[in-house]
Amino acid sequence: MVDLTTTYMGLTLKNPIVPSASPLSKSVSDIVRLAENGAAAVTMYSLFEEQIDMEALAQHHFLEQGSYSYAEALTYFPQTIEYNRGPEEYLDLIRQAKAAVDIPIIASLNGVTPGGWIGYARMMEQAGADAIECNVYLIPTRLDQDAAAIENIYLEVLKAVKATVKVPVAMKLSPFFSSLPNMAYRLDRAGADALVLFNRFYQPDLDIEELTVAPNLILSQSTELRLPLRWIAILYGHIKASLALTTGVHTAEDIVKAIMAGADVANVASVLLAQGVEKIPELLSGLQHWMEMHEYESVSQMKGALSQRSCPEPAAFERANYMKVLRSWSQTFLP
Amino acid sequence: MPERRIVTIDGNEAAAHIAHKTNEVIAIYPITPSSNMGEWADAWSAQGRKNIWGTVPLVVEMQSEGGAAGAVHGALQTGSLTTTFTASQGLLLMIPNMFKIAGELTSTVFHVSARTVATHALSIYGDHSDVMACRSTGWGMLCSNSVQEVMDLALIAQAATLEARVPFIHFFDGFRTSHELNKIEELADEDIRAMIDDNLVMAHRARGLTPEKPVVRGTAQNPDVFFQTREASNPYYLATPGIVQAQMDKFAQLVGRQYHLFDYYGAPDAERVIVVMGSAAEVAQATVDHLLAQGEKVGVLKVRLYRPFSVQHFIDALPSTVKIVATLDRTKEPGAAGEPLYQDVATAVVETGAAFRVIGGRYGLAGKEFTPAMCKAVFDNMAQAKPKNHFTVGIVDDVTHTSLDVDPSFNIEPANMVRALFYGLGADGTVGANHNSIRIIGTETPNSAQGFFVYDSKKSGSTTTSHLRFGPEAIHAPYLIQSANFIAIHQWVFVERYNVLPIAEKNAVFLLNSPYGPDEVWDQLPRSMQQQIIDKDLRFFVIDAYKVARDTGMGVRINTIMQTAFFAISGVLPRDEAIDKIKESIRKTYGRRGEAVVQQNFAAVDHTLSHLYEVHYPRQVTSQIERPPTVDASAPEFVQDVTAPIMAGLGELLPASMLPADGTWPSATTQWEKRNIALEIPVWDESICIQCGKCAFVCPHAAIRTKVYPAEALTDAPATFKAMDYKGRELPGMKYTVQVAPEDCTGCALCVEACPAKNKSEPRFKALNMAPQPPLRFAERDNFAYFIALPELDRTLIQPNNVKNSQMLQPLFEFSGACSGCGETPYVKLVSQLFGDRAIIANATGCSSIYGANLPTTPWSVNKEGRGPAWSNSLFEDNAEFGLGFRLTLDKQSEFAAELVQGHRDVLGDELADALLNAEQATERGIMEQRARVAAVKERLANVGEPWARQLTTVVDSLIKRSVWIIGGDGWAYDIGYGGLDHVLASGRKVNVLVLDTQVYSNTGGQSSKATPRAAVARFAAAGKPLPKKDLGAIAMSYGSIYVAQVAMGASDAQTVRAFLEAEAYPGPSLIIAYSHCIAHGINMTKGLDQQKLAVDSGAWPLYRFNPLLAEQGRNPLTLDSKAPKIPLRDYIYNETRYSALVRSDEERAEMLLGLAQADVEKRWRQYEQLATIPSTPEK
């Protein structure tokens, strides 16, 4: 029997499969189903501070709209309703999930103000979250904001949240840093308990018939695994923080690759959204089967085996990889 | 002694508090101004608030007041403590049951915020005509004069009815008391418990019908016993005054406030006494105080128990010195020997031989102000040697000269009272902020506090006036502020529109929201305003509240900012303390809406003080600006003389002779009311335009129009007037223009949303784009005038069977006061375009009757020939029958005309007679030709002096095709008017019914109707409506003889046009149910069309047409015009606050109701699909 346990930011997990922040964790029953199907922990969907604020302001606006304008209709909605605005819904879910399952619950937070990051992180901890993943979902669009300013935002968020909570804190990162290793190193030094690679930013499509920008969510593919795989392989062994690989994990083999690159856990979402949470047992047995076939005893034995530090061809993660592709192409097609 | 809270509430809440504590069953139906009582009761029960017996009262919304009264009667008959709340026509609908309830000696109290009964016009404001119509029902009538009294007497009435077994109307003045905010002592549960005798409650219950001890009530009786039985109830009525007084005494012992059946206030040796009930009694008391100080021997007798009228108590309450009594009635009984109170007092005098004279007068109809000056005029009249009897006060009656002269300078406002006036727009939140201010002052200071709010009759861009009084002494002032020591103008546009400073006192504080800073503002004021500021030595402050609002994300709501500015400069509270209290209040008010809302308002408070400046103005007038006249000089005489003063807020000054005695007003007058309320207006880019007409089609205010006209007409156009070649081949060589009416547009941007033509290089631009109005105003005003003067298209040249062509027809419904972005009015306007020159419209009471005919101006318009829709409103409940009456007249008159034509062929000639009687009028040309024939008939008959000729001349117009439209909302069609609607649809007569379905009672503030869909939050359905919407269309289709269509212009404008044309063409009754997005949905009104489309795409609103003519041809009569549901219901409904609010308040229930609502949608679609695919056979 192989040992699937892994350690992720100080949490001992029974296996390396952790569903990532997604609609899969919108309700207690969903979280229970994830746990029952073998998830080792759950990263809850992200609490967006901006969305909470916008929704509160919008709802307030529409409840007030048209009020006290006309003598017969001074307002349009029952005034005594308690509108449960803010993070209560999310915090309740943490509380209920903690009561319902025995796997760790990782809360995911996207803040916009320092007060928001600190306040919501504290509330999440108090509600029972075992860890907090900071989802710094940041698309830089300003021409006057340089790289250092962006990097500082990540560091400031991390420091603020770490100073507030005692539970472990993970940083979910963008792949678009000029020097990802340096960024990872600085976050590591600043106390990050884990780095989650990478945030898969929503990418709108263009509707050329309607001449509009079309919101359109596309689920990830296995091929997208390559990007986080490379960077985890490069970072493994150089930082203290745990590593989570997210994006493109669809098969047991993908999980094997993630672990061998150096990830402590493999985050899954798209495959579960597409095929259902019943996919988890299949992934687990696939992982187990592969390990047995290849005579691996434990996940820890596999971990980082093909990282840049441990693999037989370290240069393959750098420029040489490209060269090799070119060579194979020329050998095939050149006369 | 129990601990009693000091609360700042209005009269409705005060009544509802007692009613909810002392009843088990409450049956309700919304009607202004009583709706709030039902809403409070419903909300409290939804929250689980219990009555004094520890159970939550059961609150049920009924389909009408008649229904509510029936349910109340039934619940009473089975032993429940039961109540209802109503007013005006609602109370009238209860009268049949009220006779029964009284005849059966049943204990109950109805709480009535007394309101005018509609006569020559509807009015939502207060008088006693409704309660006075109930005098013969056998109910006790107890009147409250102030908010505190409403709470006190509500309880006394409840205690008395249980003991007396006589049911009670407990009434108070609609709006003046029902909506006045006042600081009062709330009765504690212990007080209520102490007043209500449980033995009497048990006795009431024991009289309830039960099969355990069966009895029969409601028998039919014959002449032998009926009469005696009625007289057998006398002892109960004889005992009632004593019982009420005893309860008043008991109340005084418990609470400390002593009331009497008749409360006298004034000089013990008074010679002149006013007898009055309602809020006017408070005015009289304050006036008496003032006159007593001057040594006058005057007094007021407040009538509290009006029925049963105790002659002896009345006489005993008056000082023996009284020489003359003037009764004041807030009602009019034309033809009576005198108004009700007058007659009762006169009877008392006759019966007791009292030695004083009685005169009577009328005041305060439909909320007309009753001021101390008017009260003084009554006392002055009584002092005359020959006092005027049957007088009126408060108006100038120059027709029958009943009115008393009033000295406008008589003013008794105490100097130590803050009297603050605020002029705002509905949308800017002024009233809400003032509600908060009163509560802050009421709660946080020992001051008395009073707030009253006046609204104009528009639903968009409405002006609000807030009247706030605060002071160390009790406030007996239920009248508008007569002189103000604080005046705030919250909108710069009012500087031009209204003359507000005459009411300012010397040295008053004047706060102006101004886009101009302290150094520039002076020269932007009109000369007259500058003069008044100088003359009165006003302290003048400005703030650019819109800038502060923008900077703090508040949008157009400047409420918090202006409230902060008020506290900062009014001196009501120390500034820092006031700021703290405002913030506390913000947290209390908005805390449950989310921290972001609180923080945003905090930021607005903090930003206000640094943007508030005192203006140091010169001591002389410097401005070159004169206030413009209210209406253009070219307006008709009636508009100049009558409409314009009303628009300027001076309608009070119009004498009786200038007003149409029978309520008949000219149409087409909104065109003279230039409201300039749009911040932005659409600008046409003709290089992009595809001439689809969708912009004009969806415009709720007919403020953007399209016109096709001959190229040669385009001469001397203003420089910025735009035109392009018309693209349609059917009208070669014509020009085409899309034109905005810049001063009538409300800036809703629906036209831009509907515009399908995008700039190919920069798709963010369309053929219409919004741009700020002020720089465009004057040029576009000239352009619009030029556009209007261009010739209208000859209606016979086109078929109006598509959207584009329909919009080439002149709208005869324009510039109404409907909400910006209204979802109803485009349908109404379409009727006016397609059929307006021959339409006669019956309009149910509701939004459409309000924006359709609320003075000062009327949006129903006329074409160049002077033809246009003739319009009338009867009631809420009878609109279908009312419209059927139109058709009956037309059918009868056309039959009579045909008989006369047939019988007098010899005079008319066979050719004309045949043509008249067999005219084809399915087309515009056919109708035009018939009009010509009718004109020819009249010409030929002009010199025929015989009686038949005169008869024919007056009925021959009915041979021209008429289009009868019965229009109303879902509250009418689904609920209160459903029985009549059903009957009219089943009559087979040619009427067209248009249901503007907003799925909620919009006009009265969002109460649930049977059209409200499952899962939507509404008043009386605070937890989301648990049951599905009634399928009115399916019920109508079941007859098989009615044309039925369900439309949504935002989803398919083409189907909408088709349905309207088919409905009119169908030879029998037609019913169109039109999806009307509404402000009560809690949506971004600019996206109303999108919501319509989503409603259709989700299957919540399938589009269909059911045409019985198809069945005659052997085809399936039902055509589905929309596809099977293709998006989940949630994608449609959760864009709307009416649904999303439930997710925020009770997610689990929201989820459950969503599931059921989704199932409703799917089930209904399957049913429709089956119906639409059944093969049909020709009908025999």
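These figures come from a predicted structure and were not determined experimentally.

## Section: the overall build of chain B
A count of helical and extended segments in chain B gives 42 helices and 35 strands. The C-alpha radius of gyration computed for chain B amounts to 32 Å, which stays within 12% of the reference 32 Å derived for 1180 residues, consistent with globular compactness. Once the C-alpha set of chain B is aligned to its principal axes, its extents read approximately 90 × 85 × 75 Å. Across the 1180 residues that make up chain B, the buried fraction comes to 55%. Sequence separation of at least 24 residues holds for 76% of the intrachain contacts in chain B that already meet a minimum separation of 6.

## Describing the overall build of chain A
On a plain count of helices and strands, chain A comes out with 12 helices and 12 strands. Scaling as 2.2 N^0.38, a compact globule of 335 residues should have a C-alpha radius of gyration of about 20 Å, and chain A matches this with 22 Å. By principal-axis analysis of the C-alpha atoms, chain A measures approximately 85 × 50 × 40 Å. A total of 335 residues make up chain A; the buried ones form 49% of that total. A sequence separation of at least 24 residues applies to 71% of the contacts in chain A between residues at least 6 apart.

## Thoughts on the domain arrangement of chain B
When the domains of chain B are assigned, the result is domain 1 (6-213 + 236-254), domain 2 (261-393), domain 3 (418-613), domain 4 (667-809), domain 5 (881-959) and domain 6 (999-1173). Look at where the C-alpha atoms of domain 5 of chain B and domain 6 of chain B centre, and you get two points 42 Å apart.

## Some remarks on the nonpolar core
Core analysis: the biggest nonpolar cluster contains 435 residues, and Ile132 and Leu195 of chain A together with Ile1072 of chain B have the highest contact counts within it. For this core, the leading source of residues is helix α6 (residues 147-164) of chain B, giving 12 residues. Apart from residues no more than four positions distant in its own chain, Leu195 of chain A is found in contact with Ala170, Met171, Leu173, Ala184, Leu187, Ala241 and Leu243 of chain A. Membership of the second largest hydrophobic core comes to 13 residues, among which are Val901, Leu916, Ile927 and Val937 of chain B.

## Digging into the environment of Val907 of chain B
All names here are of chain B. Note that Val907 resides in helix α30 (residues 905-908). Look at Val907 and you get partly exposed, because 17 C-beta atoms sit within 10 Å. In the structure, Val907 is positioned 30 residues away from Val937 in sequence and 9.8 Å away in space, judged by C-alpha atoms. Dropping the residues within four chain positions of it, Val907 is found in contact with Arg940 and Val944.

## Quick word on the interface of chain A and chain B
With 30 residues of chain A at the contact, the number on the chain B side is 40 residues. At 7 residues, the largest contribution of residues to the side of chain A that touches chain B is made by helix α2 (residues 49-64) of chain A. Across the side of chain A that touches chain B, the residue classes tally to 15 nonpolar, 10 polar and 5 charged.

## A closer look at the environment of Met1152 of chain B
Among the secondary structure elements, Met1152 of chain B is positioned in helix α42 (residues 1147-1173). In this structure, the C-alpha to C-alpha distance between Met1152 of chain B and Pro1026 of chain B, residues 126 residues apart in sequence, is 9.8 Å.

## A word on the sheet that holds strand β15 (residues 391-393) of chain B
All names here are of chain B. In spatial order, the strands read β9-β11-β10-β13-β14-β15; together these 6 strands make up an open sheet with mixed pairing. One side of each edge strand has no neighbouring strand; the edge strands of this open sheet are β9 (262-266) and β15. Neighbouring strand axes in the sheet, compared pairwise and without regard to direction, differ in orientation by 25° on average. Bridge analysis of strand β10 (residues 272-276) against strand β11 (residues 298-303) gives 5 bridges, and the strand direction is parallel.

## Overview of unusual backbone geometry
Cis rather than trans, the peptide bond between Arg307 of chain B and Pro308 of chain B has omega equal to -10°. Relative to the helices and strands, Pro308 of chain B is located in the loop between β12 (305-307) and α12 (311-317). That bond from Leu855 of chain B to Pro856 of chain B is cis: its omega, 20°, falls within 30 degrees of zero. By the element assignment, Pro856 of chain B lies in the loop between α28 (847-853) and β29 (870-872). Residues other than glycine seldom take positive phi values, yet Leu211 of chain A does so here, at roughly 55°. Assignment of secondary structure puts Leu211 of chain A in the loop between β9 (205-207) and β10 (212-214). On the basis of neighbour counts, which here come to 13 C-beta atoms within 10 Å, the residue Leu211 of chain A falls in the partly exposed class. Positioned with a positive phi, Leu105 of chain B is a non-glycine residue whose angle comes to about 50°. Note that Leu105 of chain B resides in the loop between α4 (88-103) and β5 (109-114). Look at Leu105 of chain B and you get partly exposed, because 16 C-beta atoms sit within 10 Å.

## With respect to the confidence of the model for chain A
Low-pLDDT portions of the prediction should not be read for the details of their coordinates. Predicted confidence across chain A gives a mean pLDDT of 90, with 93% of residues reaching 70 or more. With pLDDT under 50 throughout, residues 326-335 of chain A is counted as low confidence; its partners more than four residues away or in other chains account for 0 contacts.

## Digging into the packing of helix α11 (residues 280-293) of chain B against helix α14 (residues 372-382) of chain B
Residues and elements named next belong to chain B. One can describe the packing of α11 onto α14 by two numbers: an axis separation of 9 Å at closest approach and a directional angle of 65°. Judged by the angle between their axes, α11 and α14 are roughly perpendicular. Viewed along their axes, α11 and α14 form a crossing whose handedness is right-handed. Where α11 abuts α14, its residues Val283, Ala284, Ala286, Thr287, His290 and Leu291 lie against Pro372, Cys375, Lys376 and Phe379.

## Things to note about the pairing of strand β8 (residues 181-185) of chain B
All names here are of chain B. Along β8, 4 of the 5 residues are buried, which leaves the element largely enclosed by surrounding structure. Strand direction decides the pairing type here: strand β1 (residues 6-9) and β8, joined by 4 bridges, are antiparallel. Across the sheet, Val7 pairs through a bridge with Ile184, a residue of β8. Relative to strand β17 (residues 448-455), β8 runs antiparallel, the two being bridged by 2 bridges. By the bridge assignment, Leu181 is partnered in β17 with Gly451.

## Regarding helix α41 (residues 1137-1145) of chain B
Within α41 of chain B, 9 of the 9 residues are buried, leaving the element largely enclosed by the surrounding structure. Within the span of α41 of chain B, buried status applies to Thr1137, Arg1138, Tyr1139, Ser1140, Ala1141, Leu1142, Val1143, Arg1144 and Ser1145 of chain B. Check the buried side of α41 of chain B and you find it contacts α2 of chain A together with α40 (1129-1133) and α42 of chain B.

## Details of helix α17 (residues 527-536) of chain B
Residue and element names in this part refer to chain B. Inspection of α17 places Met529, Gln530 and Ile533 among the buried residues, and these make up the whole buried set. Considered in projection along α17, the buried side chains sweep an arc of 100° and stay on one side of the axis. On its buried side, α17 packs onto α16 (493-497), β20 (504-513) and β21 (539-543). Asp537 lies just past α17 and shows a positive phi near 50°.

## Regarding the sheet that holds strand β7 (residues 169-173) of chain A
All names here are of chain A. With parallel pairing, 8 strands are arranged side by side in an open sheet as β3-β12-β11-β8-β7-β6-β5-β4. Strand pairing shows two members of the sheet lacking a second neighbour, β3 (17-19) and β4 (42-48), which therefore form its edges. Sheet twist, expressed as the average angle between the axes of neighbouring strands with direction ignored, equals 25°.

## So, the packing of helix α29 (residues 879-903) of chain B against helix α35 (residues 978-985) of chain B
All names here are of chain B. Their axes nearest at 7 Å, the elements α29 and α35 cross at an angle of 35°. Between α29 and α35, the contacting residues are Ala880, Glu881 and Leu884 on the first element and Gly980, Leu981 and Val984 on the second. Broken down by class, the residue content of the contact of α29 with α35 amounts to 4 nonpolar, 1 polar and 1 charged.

## A few points about the environment of Thr630 of chain B
All names here are of chain B. Structurally, Thr630 can be placed in the loop between β22 (612-615) and α22 (637-647). A count of 22 C-beta atoms within 10 Å places Thr630 in the buried class. Counting along the chain gives 91 residues from Thr630 to Arg539, while the straight-line C-alpha distance between them is 28 Å. Here Thr630 is in contact with Ala644, Met647 and Ala648, once residues within four sequence places are set aside.

What counts, and where the lines are drawn
Residues numbered from 1 in each chain as written. Chains lettered and ligands numbered in written order. Predicted model: local features only at pLDDT ≥ 70, side-chain atom pairs only at ≥ 80, totals over all residues. Helix = DSSP H or I, 4+ residues; strand = E, 2+ residues; numbered from the N terminus. Rg over C-alpha atoms; globule rule 2.2 N^0.38 Å. Buried ≥ 20, exposed ≤ 12 C-beta atoms within 10 Å, placed from the backbone. Contact = placed C-beta atoms within 7 Å. Domains from an automatic or database assignment. Core = buried A, V, L, I, M, F, W, Y, C linked by C-beta atoms within 7 Å. Nonpolar A, V, L, I, M, F, W, Y, C, P; charged D, E, K, R; others polar. Pairing = 2+ DSSP bridges. Axes fitted to C-alpha atoms, helices over the stretch in contact; angles between N-to-C directions. pLDDT = per-residue confidence, 0-100. Parallel < 35°, antiparallel > 145°, perpendicular 65-115°, else oblique. Left-handed = near helix turned anticlockwise from the far one by under 90°. Arc of directions from axis to C-beta.

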